[in-house]
Amino acid sequence: MSIEHPPIEPIKTARQLNFLDEKQLDNLQEATLSILENVGVQFPSEKALAVFAEHGADVNQESQIVKIPRELVLKAVSSVPRYPTLGARDPGFDLPMQDGVAYFTNDGCGHNVIDSVTGEIRPSTKADVGMMARINDYLSSMAFSWTMVSAQDCGVTSPLHELVVTWQNNLKHYQSVTLMGESQCRYAVEMATALRGGTEDVRRRPPISLIVCTIAPLVQDKEAIEGALVLAEAGIPTVIMSMPTLGTTAPATYAGALAVGDAEVISATVLLQLASPGAPVFHSILHAWADPRTAAYVGYPLDSRVRYAPVEMAHHWGMPALGGAFGTESPELDSWQSAAEVAMDPLMVALAGAEIVTGIGLRDTYTLLYPEAIILDDDLYHQARYALMDLEVDPETLAVEVIENVGPGGHFLSQKHTRKHMRTAMVRGVTHQLDSMGKYRDPVDYAREKVTWILENHHPEPLPGDVQSEIDRILNAAEKELNA
Amino acid sequence: MSEEIYNKLAQAVIDGEPEDAEELARQALEQGADPLACINQGLMKGIAKVGELFSSGEYFLPELIIGADAMKAALDVLEPALMGDQRRDVVGRVVLGTVEGDLHEIGKTLVGTMLTANGFQVTDIGVDKKPSEFIAAIQEADADIVGASALLTTTMLQQEKLIEALKEAGLRDKVKVMVGGAPVTEGFAKDIGADGYAEDAISAVDMAFRLIDAPA
């Protein structure tokens, strides 16, 4: 049926990198509390406003701005589970959040694809979503799956099509980047229930989750937030993600931008906890910079020192964090820029302690898919994984007896200990593949071959027949309602 | 009975078990087996298989070297027991060493192992060897080829000195000279009057076959 399914290999490390000290974290939190209490955040949603009003927040129905007293913020945030589990289609791929383990996924959500046949740019389709879900399923760097590109051939129900085609090609947890609004999210919950066979199992091992983006500065998106309320009620995790840009949608200082982003994330978190206490919520701030002449979005300036500080802010609130890695601005598959900008990301974000991390494999600021890019980025991921991996120091690895056998001079090639360990002592990545002449191969050629090989050889277990029919029925119902 | 001991000897080489190979060689002699047949139908078959597995990528360097060590351990027992004018069949005889002032061993050892696996009789004289030591070994082994290794730009000049010494000793026409080592190039080999140069151990085997005009 299929070749052996590679296991998930998350980045594990006992080490921790602190960008901020306790006092700085307290000051940032204090700024957020002050913004929420005195400035407020706009919630253009009657449902959201009603929840806030019911719990004693200061709600201005006209401006739709909610000011939240600090006690209410602190109490609500305290019910966020610190270590939730992201369930998978296959229980073997469930992801229990834990300290020192960073689970990565692919990038999203792109809209352009370099066609593998013509080499031309074209809009992404449902088939592309399925193809990348299958590649994700094979790669050990991928602990879960994101909507890598959008199914632009599927109209308004494309987020549901993306979910279905991902499940058909992938046994891991699926984090949607595109589901929007109450109706779509209700259908998604229905599909999750069909997959699990009951609502309790959805709550216990949620097979899906959702990225919910805020609008900087200090505004929530009606559709996003109302969809999130539906998922939270079902116990399905959400990731509240703010993307403040220094100088345009946020102050031009790091701390100020983080405060704005944090206030957006925390205000949405408070809403979800007030509506559904204990609903799993992840915290994420992916700040960027604006070009001072054109206001163009810049994700990778030279000084990006606080890139992973938001992970510590999340933990300071007692929340799990999603960190953003990769996502070069280069439109090239394998330019110096496309590798150099992102090369340190997986190491830094794992050291910062992010529980989950996006996004491997897109180019041109999260918009452009070369299917083979995921293989190149995967290589950087594994470099970081090995860099942080525990070193075994024990009698077998110290090999003092073997050193004694060889003595000064000579060599270790004729030692049985060498025979036992030499095969695995050196691991080759995509940049170290050799051709038949023993010369280094072009990594891009190798990456393309690997993509082709995966697509030809890796075929994850299809959904059970009854589940597939039930999901088809739900998708048809969604098509009817949402296209009406 | 004999067939079984030959197979066991071959297997000890393939498995890279020098202690087993030596013990099997003793047992074979005790049981009255023909030492020459033990070598040709046991050890040589085993080492040929090791070479094959290495060339196909299944075996790595340690398997190759330990296989050759196992063969050598058994040969040390069997060769002294060869009767009268019995000599084992070899493709050719090679003396190998690293030149004077140079202590690098691995490249030369790999070449020796690969040659052994391909049927050559190899006398490895070790590292830091003077031309006179090479010459003594060539005479003793009645060698067809001498291989001189150097890993330093300062010691590669000794390869030329060896060739001069061979001329002085009247051996230059009798023995082919192969040179190798990281700084050595084909051009350098030609300049100093060597007969052959190889970049790595596998191509060294092809070169050795060419030099003695035998089919690889």
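Residues numbered from 1 in each chain as written. Chains lettered and ligands numbered in written order. Predicted model: local features only at pLDDT ≥ 70, side-chain atom pairs only at ≥ 80, totals over all residues. Heavy atoms only, no water.

Enquirer: Which residues make up the overall build of chain A, and what values go with them?
Expert: Secondary structure summary: chain A contains 18 helices and 21 strands in total. Here chain A has a C-alpha radius of gyration of 24 Å; the compact-globule value for 484 residues is 23 Å, and the two agree. Overall, the C-alpha framework of chain A stretches about 85 × 55 × 50 Å when taken along its three principal axes. Split into buried and exposed, the 484 residues of chain A put 56% on the buried side. (Helix = DSSP H or I, 4+ residues; strand = E, 2+ residues; numbered from the N terminus. Rg over C-alpha atoms; globule rule 2.2 N^0.38 Å. Buried < 20%, exposed > 50% of the residue type's maximum accessible area, 1.4 Å probe, protein only.)

Enquirer: I'd like to hear about helix H9 (residues 254–275) of chain A, residue by residue, with values.
Expert: Over its 22 residues, H9 of chain A extends 32 Å from the first C-alpha to the last, a length consistent with the 32 Å expected when each residue adds 1.5 Å. Along H9 of chain A, 20 of the 22 residues are buried, which leaves the element largely enclosed by surrounding structure. (Expected span 1.5 Å × (residues − 1).)

Enquirer: Requested: an account of the interface of chain B and chain A, with residues and values cited.
Expert: Listed per partner, the contact involves 19 residues of chain B and 11 residues of chain A. In this assembly, chain B packs against chain A so that about 1,200 Å² is buried in total across both faces, 61% of it on carbon and sulfur atoms. The tally of links from chain B across to chain A stands at 4 salt bridges. A salt bridge links Arg419 of chain A to Glu17 of chain B, with the nearest nitrogen and oxygen atoms 3.8 Å apart. Taken together, the elements giving at least two residues each to the side of chain B that touches chain A come down to helix H2 (18–30), helix H4 (61–78) and helix H5 (106–117) of chain B. The biggest single contributor to the side of chain B that touches chain A is H4 of chain B, with 6 residues. Here the residues of the side of chain B that touches chain A are counted per class, giving 9 nonpolar, 2 polar and 8 charged. (Contact = heavy atoms within 4.5 Å. Buried area = accessible area lost by both parts, 1.4 Å probe. Salt bridge = Lys/Arg side-chain N within 4 Å of Asp/Glu carboxyl O. Nonpolar A, V, L, I, M, F, W, Y, C, P; charged D, E, K, R; others polar.)

Enquirer: So, the sheet that holds strand E3 (residues 145–149) of chain B: which residues are in play, and what are the values?
Expert: Residues and elements named next belong to chain B. Strand order across the open sheet formed by 5 strands is E2-E1-E3-E4-E5, with parallel pairing between neighbours. The open sheet terminates on both sides in strands that have one partner only, identified here as strand E2 (121–124) and strand E5 (196–197). Packed onto the sheet, helix H6 (residues 131–141) meets strand E1 (93–98), E2 and E3 and runs at close to 165° relative to E1. Helix H7 (residues 157–168) contacts E3 and strand E4 (176–180) of the sheet and is inclined by roughly 150° relative to E3. (Pairing = 2+ DSSP bridges. Axes fitted to C-alpha atoms, helices over the stretch in contact; angles between N-to-C directions.)

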